[in-house]
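Each chain, letter by letter, is given below.
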Amino acid sequence: MSSGPGLRAGVRRPDDYQLELECLRGWAISLVFLFHAWGISFGGGASGRIPPWLAFVVAGNTGVTLFFVLSGFLLSRPWLRHLQGKRPPPDTRNYLVARALRILPLYYLAVAVAMLASGEPGRVLPALWFRFLGFEVFPWGVVWWTLITEVQFYLALPLAGWLACRGPGGRRLLLALLAAWLVAYALLVVAGESGKGFLLTKSLFARLPAFLLGIAAAWLSLHSTWLPRLPAWQRLAGTLLCLGLLAFLLQAVVAMGDQAAEQRWHLHHTLEAMLWAGLLLLLLGGAFPGRVLLVNRPLAWVGKLSYSIYLNHVPILFYLIFPAKAGVENYAGSPAAWAWPLLGAALSLALAAVTWRLVELPFLNLKGRLAR
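Remember, it's a predicted structure, so these values are computed and weren't measured experimentally.

Some remarks on the overall build of the protein chain
Looking only at helices and strands, the protein chain has 15 helices and zero strands in total. Relative to its length of 372 residues, the protein chain is compact, with a C-alpha radius of gyration of 21 Å against a globular reference of 21 Å. The principal-axis extent of the C-alpha atoms belonging to the protein chain is close to 65 × 45 × 45 Å. Across the 372 residues in the protein chain, those meeting the buried criterion constitute 51%.

Right, here's the structure in full:
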């Protein structure tokens, strides 16, 4: 399936473009959008055992885990290819320039809008240096925590790559650091019961497994000889298994409650990441019946706009739905409960198309010229 030149716009190395990864971004942002639309419309959560499809909506924040897996997969490949002997080592300066040009312009625009719209610029100002604000600047800053976690990964990855490329001594030190993190993660995150804050639920320390599983998937995609030769029926069976297990897992999260699962069963994020990484590998480079439902051009366009959608959709949904709820009796059972989120999706996509063209694309092109 051809991705077309439009989808490759702003891609630093067009030959490396993979439509499957763009579509997974599309799925990730779609799940996150549905999660927030459900939460704002119905208050979050659900009563009783819900059908599998609804679990992907009510627990759609699993899309964030998918974003982390994709970051680990995509950003680690230059170092993995160097270790494979296929490319020179990545230049750290170019890497950091590329990351800054990718995320900062649109993020700082979103922060500036929040400073103006909130009427409390001093409260929003710390977001400029990626301080965790949570719901302090609702609805603007609800999703900003993920960018803090991403930035932490962006800074840690070059150090890990440098150690991995320093020979046996560097790799032993890297493994020792990972072992120390794993012990701390098991004691503080997996075994902990409650009272965890940002550091132990949403920071890189807690969410590192998703990035590591993305890196592992990248390593497999580069080294595996059997993966490209998987027959179609095995790819289909594996995809259905991953999606089925994800639905079962998300049903369990919904039954427990999002906050309770975050505090007492944080390991579910790692289990999600394992399944997303497996699905990623199954989708790459091989056709199977029904694959078009997961990999297609419309979904790839949503993936292309995903960063803009991610930053704009919560304020749009909130300011559309919250006033409507106040003016409609039995809002949850009315057609408005579905109409307003649909309108929010249309507005979010339209605004994302504008900001992608006017903000993201120029800086992506600049990144392509400067960060070589």
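Regarding the layout of surface pockets
A volume near 900 Å³ is recorded for the second largest pocket. Along the wall of the second largest pocket there are 39 residues; nearest its centre are Phe35, His36, Phe135, Asp258 and Gln259. Elements that contribute at least two residues to the lining of the second largest pocket include exactly α2 (19–42), α7 (144–164), α10 (232–256), α11 (258–264) and α14 (306–327). Examining the composition of the lining of the second largest pocket, we find that six residues originate from one element, α2, more than from any other. Within the lining of the second largest pocket, the residues separate by chemical class into 20 nonpolar, 14 polar and five charged.

Points about the packing of aromatic side chains
The final tally for this structure, using the stated rule, is 16 aromatic pairs. Members of the aromatic cluster, each reached through a chain of ring pairs, are Phe135, Phe138, Trp140, Phe318, Tyr319 and Phe322. Cation over ring: Arg99 sits above Tyr154, and NZ or CZ is 5.2 Å from the ring centre. The residue whose ring lies beneath Lys202 is Trp145, and the NZ or CZ to ring-centre distance is 5.4 Å.

Focus on the packing of helix α4 (residues 62–83) against helix α9 (residues 204–223)
Any two packed helices are characterised by how steeply their axes cross, that is the angle between the axes, and by the distance between the axes. The contact between α4 and α9 brings their axes to 7 Å, and the two run at 50°. The orientation of α4 relative to α9 falls into the category oblique. The two elements α4 and α9 meet at a crossing, and its hand is right-handed. Counting all contacts with α4, which are made through Thr65, Phe68, Val69, Ser71, Gly72, Phe73, Ser76, Arg77, Leu80 and Arg81, the residues of α9 involved are Arg207, Ala210, Phe211, Gly214, Ile215, Ala217, Ala218, Trp219, Ser221 and Leu222. The residue inventory of the contact of α4 with α9, partitioned by class, reads 11 nonpolar, six polar and three charged.

Focus on the nonpolar core
If you look at the biggest cluster of nonpolar residues, it comprises 98 residues, and the most contacted ones within it are Tyr107, Trp144, Leu280 and Leu311. Dropping the residues within four chain positions of it, Leu311 is found in contact with Leu106, Tyr107, Ala110, Val143, Trp144 and Leu147.

Examining the side chain of Thr149
For Thr149, the position within the fold is in helix α7. The class for Thr149 is buried, based on a relative accessible area of 0%. A polar contact of 2.5 Å, which involves the side chain of Thr149, links it to the backbone oxygen of Lys202.

A word on the pattern of salt bridges
By the definition in use, this model includes seven salt bridges. The partner of Arg25 in a salt bridge is Glu22, with the nearest N and O atoms 2.5 Å apart. In this pair, Arg25 and Glu22 are both assigned in helix α2, three residues apart and thus about one turn of the helix distant. Owing to a relative accessible area of 25%, Arg25 belongs among the partly exposed residues under this scheme. The partner of Glu262 in a salt bridge is Lys202, and the shortest N-O contact between them spans 3.5 Å. Placement of Glu262 in helix α11 and of Lys202 in the loop between α8 (168–190) and α9 is noted, with a sequence separation of 60 residues between them. Judged by relative accessible area, which is 6%, Glu262 ranks as buried. In the salt-bridge network here, residues are joined through shared partners; they are Glu22, Arg25 and Lys304.

Some details on unusual backbone geometry
Outside of glycine, negative phi angles account for most residues, and trans bonds account for most peptide bonds. Residue Phe138 is joined to Pro139 through a cis peptide bond whose omega torsion reads 0°. Looking at where Pro139 falls in the secondary structure, it is placed in the loop between α6 (121–124) and α7. Look at Phe130: it is not a glycine, yet its phi comes out positive at around 60°. On the secondary structure map, Phe130 appears in the loop between α6 and α7. Judged by its relative accessible area of 17%, Phe130 is buried.

Notes on the environment of Asp91
Considering the arrangement of structural elements, one finds Asp91 in the loop between α4 and α5 (92–118). The sequence separation of Asp91 and Val143 amounts to 52 residues, and the corresponding C-alpha distance is 30 Å. A polar atom in the side chain of Asp91 sits 2.8 Å from the backbone nitrogen of Asn94.

What about the packing of α10 against helix α12 (residues 267–283)?
Running from N to C, α10 and α12 cross one another at 160°; their axes reach a closest spacing of 9 Å. Between α10 and α12, the angle falls in the class roughly antiparallel. Regarding α10 and α12, the two cross each other, and that crossing is left-handed. Residues Arg235, Gly238, Thr239, Cys242, Leu243, Leu245, Leu246, Leu249, Leu250 and Val253 of α10 pack against His268, Leu271, Glu272, Leu275, Trp276, Gly278, Leu279, Leu281 and Leu282 of α12. Tallied by class, residues from the contact of α10 with α12 come to 13 nonpolar, four polar and two charged.

Examining a nonpolar patch on the surface
Together, Val190, Leu267, Leu271 and Met274 give the surface a local cluster of nonpolar side chains, amounting to about 290 Å² of exposed area. Sort the elements by how many residues they give to the nonpolar patch and α12 lands first, with three residues. Topologically, Val190 is positioned in helix α8.

Procedures and definitions
Residues numbered from 1 in each chain as written. Predicted model: local features only at pLDDT ≥ 70, side-chain atom pairs only at ≥ 80, totals over all residues. Heavy atoms only, no water. Helix = DSSP H or I, 4+ residues; strand = E, 2+ residues; numbered from the N terminus. Rg over C-alpha atoms; globule rule 2.2 N^0.38 Å. Buried < 20%, exposed > 50% of the residue type's maximum accessible area, 1.4 Å probe, protein only. 1 Å grid on protein atoms, 1.4 Å probe; cavity = no way out; pocket = protein on both sides within 12 Å on 5 of 7 lines; lining within 4 Å. Points joined across faces, edges and corners; volume = space filled by probe spheres on them. Nonpolar A, V, L, I, M, F, W, Y, C, P; charged D, E, K, R; others polar. Phe/Tyr/Trp six-rings, centres within 6.5 Å; stacked < 30°, edge-to-face > 60°. Lys NZ or Arg CZ within 6 Å of the ring centre and 35° of its normal. Axes fitted to C-alpha atoms, helices over the stretch in contact; angles between N-to-C directions. Parallel < 35°, antiparallel > 145°, perpendicular 65-115°, else oblique. Left-handed = near helix turned anticlockwise from the far one by under 90°. Contact = heavy atoms within 4.5 Å. Core = buried A, V, L, I, M, F, W, Y, C linked by side-chain atoms within 4.5 Å. Polar contact = N/O pair within 3.5 Å; in protein donor to acceptor, adjacent residues only side chain to side chain. Salt bridge = Lys/Arg side-chain N within 4 Å of Asp/Glu carboxyl O. Patch = residues over 30% accessible without salt bridge, like charges linked within 9 Å, V, L, I, M, F, W, Y side chains within 5 Å. Areas by Shrake-Rupley, 256 points an atom, 1.4 Å probe, with all protein chains shown as cover.

Keep in mind that these numbers describe shape and distance, not what the molecule does.
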